[in-house]
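If you want the building blocks of each chain, they are given just below.
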Amino acid sequence: MINNFKKYLEQTELFDNTKNLRVEEYKHQDILSLEGFEKASKEITSWDGFEQTPLVSLDDLAKQTRVSKLYYKNEHYRFSLKSFKALGGAYAVANLLINKLKEQGIEANSKDLLSGKYKDITSKITVSCATDGNHGKSVAWGASIFGCNCEIFIHSHVSVTREKEIAKYGAIMHRIEGNYDDSVHEASRVANEKGFFTVSDTSYEGYTEVPKDVMQGYTIMVDEALRQMGEKPTHVFLQGGVGGMAAAVVSFIHETYGENSPIFVMIEPTNADCLLQSARNGEPTVVHGDLDTVMAGLSCGEVSLLAWKILEHTTKAFFSIPDEPIAETMKYLASLPNPVVAGESAVAGLAGFMITQFDEEYRKILQLDENSKVLFLGTEGDTDEQIYTELVGKSSQEVLSKA
């Protein structure tokens, strides 16, 4: 199977960011911190249905790719949302409501919100955001369980299935023309006009506090993965997007291990490589175009400013890949003796890693060898069941029925 990935080498691009790396202690506690993780963990682990998601060891693939260990964090089982995003958007919604109650002299927590104790107040609040699918689903879910209203903005490339998945939590849906970044700007405009509270997973000039909560929620996944591994990874391959998930992973691991942190590698779609271009230009750079990619959750042209502050001097390499290897990677995971259901965006890191194995210069730059222990964050399951079935050739139910 691994040999199939050699043909994608010519369609990839790697930017070596070594010259911009800074080997130093973590210094961004004002954005994300272990203290913030403790606060997020206390709230999120109190929610109904919270369970640790599995970590899968890909031993056979490790042998084929000439490394020591490969670990894949399987977020297909995160609450009922099949995505790590459940940890971020919903946590930010809870925090926003808790802070609004605090402004009225009320000390509350997630359990109070879940019980409906203050619904007479929270039901007058509306949260909103733009989304490619999973973040909006988390915000809508959070609004439904914590007792407020929700309006979600999606762009022209978001599938109807993902739209329905969000709407089932009671959110009012708005579909706009353009790409993800256009939907972000429209959601912000309407929120300012109508007095909604924006719960975005990307930060921009003048909007930074809520995205910190979103990213902080993601660190629950990172803590679980490190504890399940029982050892420090030498490498972490990360999906791009706006950079929020990657920044959460890097911040947690960097603050935990300091100067002895592993090597971080960023993987992005060729059509939406805003992080790679930002690294190349030495500053946040916007990628224009329709940003269309099968990796729907990574279809982003503007980096999150907060995320970039964490990533620019900690990520060793930025790697862009075409869409074609995504379905093959999903099929590989589905074919394992203990099958893994992984969505299109979830496998970007693993697909990128497998392509790099056919270029010795890439391996040298990334310092991959027989002692390497690589962690992948499998950020979603079949969040769009129709697309998953089309790409894999069978539904997730069929895949898991053979386990």
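Structure first, text after, so check above.
Reference entry: report on the structure contained in this document. Nothing here was measured: the structure is a model prediction, and the numbers come from that model.

Take the environment of Ala346 next. Inspection of the secondary structure puts Ala346 in the loop between helix H13 (324-334) and helix H14 (348-356). Considering only alpha carbons, one finds Ala346 and Gln239, 107 residues apart in sequence, at a separation of 7.5 Å. In this view, Ala346 contacts Tyr72, Gln239, Leu377, Gly378, Thr379 and Glu380; residues no more than four positions away in its chain are not counted.

It is worth spelling out the pattern of salt bridges at this point. When their charged atoms lie close together, side chains carrying opposite charge are able to pair. Counted according to the given criterion, the structure contains 22 salt bridges. In this structure, Glu13 engages Arg280 in a salt bridge whose closest nitrogen and oxygen atoms are separated by 2.3 Å. On the criterion of sequence distance, the pair formed by Glu13 in strand S1 (residues 13-16) and Arg280 in helix H11 (residues 274-281) is long-range, its members being 267 residues apart. You can call Glu13 partly exposed: its relative accessible area is 27%. With a shortest N-O distance of 2.8 Å, Lys73 and Glu224 are connected by a salt bridge.

Glancing now at H13. Of all eleven residues that make up H13, nine are buried, and the element is covered over most of its length. For H13, the elements touching its buried residues are helix H2 (59-64), strand S3 (69-74), strand S10 (315-321), H14, helix H16 (385-392) and helix H17 (396-401).

Contact pair H13 / H14: the axes reach a minimum separation of 9 Å and the direction vectors enclose 105°. Here H13 lies roughly perpendicular to H14, going by the angle between them. Contacts between H13 and H14 involve Pro325, Ile326, Thr329 and Leu333 from the former and Ala348, Leu350, Ala351, Met354 and Ile355 from the latter. Of the residues that constitute the contact of H13 with H14, the class distribution is eight nonpolar, one polar and no charged.

With that out of the way, let us pick up the sheet that holds strand S8 (residues 235-239). As summarised here, the arrangement of the seven strands in space is S1-S10-S9-S8-S11-S3-S2, forming an open sheet in which the pairing is mixed. On the outer flanks of this sheet lie S1 and strand S2 (55-57), each paired with one strand and no other. Direction aside, the axes of adjacent strands within the sheet are offset by 20° on average. Alignment of S1 against S10, held across four bridges, turns out to be antiparallel. The partner of Glu13 across the bridge, within S10, is Ser320. Here helix H10 (residues 244-257) sits on the sheet and contacts S8, strand S9 (263-269) and strand S11 (373-378); the angle it forms with S8, its principal contact strand, is near 160°. Contacts between H14 and the sheet are confined to S3, S8, S9, S10 and S11, with S10 contributing the most and set at about 90° to the helix.

Turning next to the sheet that holds strand S6 (residues 172-175). Strand order across the open sheet formed by four strands is S6-S5-S4-S7, with parallel pairing between neighbours. Edge positions in the open sheet fall to S6 and strand S7 (197-198), since each of these has one partner strand only. Across four bridges, the pairing between strand S5 (residues 149-154) and S6 is parallel. Within S6, the position partnered with Ile152 by the bridge is Met173.

The next subject is the packing of aromatic side chains. Enumeration according to the criterion identifies 14 aromatic pairs in this entry. Ring plane angle 55° and centroid distance 4.5 Å describe the contact between Phe84 and Tyr218, whose orientation is recorded as tilted. You can see Phe84 sitting in the loop between S3 and helix H3 (89-103) and its partner Tyr218 sitting in helix H9 (residues 209-229), a full 134 residues away along the chain. The buried category is assigned to Phe84, whose relative accessible area is 5%. Directly above the ring of Tyr257 sits Lys232, whose terminal nitrogen or CZ lies 5.6 Å from the centroid.

Let's shift gears to the side chain of Lys137. As for its position among the elements, Lys137 is in helix H6 (residues 134-146). For Lys137, a relative accessible area of 4% gives the class buried.

Burial analysis of H14 places nine of its nine residues in the buried class, which makes it a mostly covered element. Taken together, the buried positions of H14 are occupied by Ala348, Gly349, Leu350, Ala351, Gly352, Phe353, Met354, Ile355 and Thr356.

Cut-offs used in this document
Residues numbered from 1 in each chain as written. Predicted model: local features only at pLDDT ≥ 70, side-chain atom pairs only at ≥ 80, totals over all residues. Heavy atoms only, no water. Helix = DSSP H or I, 4+ residues; strand = E, 2+ residues; numbered from the N terminus. Contact = heavy atoms within 4.5 Å. Salt bridge = Lys/Arg side-chain N within 4 Å of Asp/Glu carboxyl O. Buried < 20%, exposed > 50% of the residue type's maximum accessible area, 1.4 Å probe, protein only. Axes fitted to C-alpha atoms, helices over the stretch in contact; angles between N-to-C directions. Parallel < 35°, antiparallel > 145°, perpendicular 65-115°, else oblique. Nonpolar A, V, L, I, M, F, W, Y, C, P; charged D, E, K, R; others polar. Pairing = 2+ DSSP bridges. Phe/Tyr/Trp six-rings, centres within 6.5 Å; stacked < 30°, edge-to-face > 60°. Lys NZ or Arg CZ within 6 Å of the ring centre and 35° of its normal.

By themselves, these observations are geometric and do not establish any function.
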